[in-house]
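Spelled out from the first residue to the last, the chains are:
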Amino acid sequence: MTAAVGLSRRGWRVTVCERACALTGIGAGIVLAPSALRALESIGLGCDLWAGNALPGQVGLRTPDGRWLSRSDSGAVSARYGLPARAVHRRFLIDALAAALQAGVVRLGVSVTGVDDAGTP
């Protein structure tokens with residue numbers, strides 16, 4: 001949906017097909033790294049999401065069993081990139097993205113089974 005928001009704000013006609021019959025925020029939360037916040041800001045959504053909680057402690061990537069692949073102190077991340085990583089509830093993120101799209105752009109209960117690009121030059 002992020003790509004759809006960005007493209008539609010550049011004048012593209014977009015359609016988001018979602019197999020689920022409803023947009024749900026399954027899971028508790030998602031961490032938005034400073035780069036993700038900057039990307040959202042570039043399409044006009046960053047400020048809405050900065051209200052999330054700044055992460056204390058360490059941030060990074062873990063393996064499925066919990067081992068760290070890479071990690072950084074969240075204060076160092078904030079100093080390096082000018083803003084901290086933020087934790088937001090998935091439902092909040094999905095709602096913000098959906099609200100940024102015009103009615104009818106997101107089509108629920110639709111499975112994509114193929115693409116016909118014959119009309120594309």
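Figured I'd write up the structure that's included with this text. (Residues numbered from 1 in each chain as written. Predicted model: local features only at pLDDT ≥ 70, side-chain atom pairs only at ≥ 80, totals over all residues. Heavy atoms only, no water.)

### Details of the overall build of the protein
Scanning the protein from terminus to terminus reveals five helices and seven strands. Counting helices and strands in the order they occur from the N terminus, the protein gives α-β-β-α-α-β-β-β-α-β-α-β. Buried residues in the protein amount to 26% of all 121 residues. When the accessible area of the protein is evaluated, it comes to approximately 8300 Å², of which 54% is carbon and sulfur surface. (Helix = DSSP H or I, 4+ residues; strand = E, 2+ residues; numbered from the N terminus. Buried < 20%, exposed > 50% of the residue type's maximum accessible area, 1.4 Å probe, protein only. Areas by Shrake-Rupley, 256 points an atom, 1.4 Å probe, with all protein chains shown as cover.)

### Some thoughts on the pattern of salt bridges
Scanning the model with the defined rule gives three salt bridges in all. In this structure, the salt-bridge partner of Glu41 is Arg38, at a minimum N-O distance of 3.8 Å. In this pair, Glu41 and Arg38 both sit in helix H2 (residues 34-42), three residues apart, roughly one turn of the helix. Accessibility expressed as a relative area gives 35% for Glu41, which makes it partly exposed. Residue class for Arg38 comes out partly exposed when judged on its relative accessible area of 35%. We note a salt bridge from Asp65 to Arg67, for which the minimum N-O separation is 3.8 Å. (Salt bridge = Lys/Arg side-chain N within 4 Å of Asp/Glu carboxyl O.)

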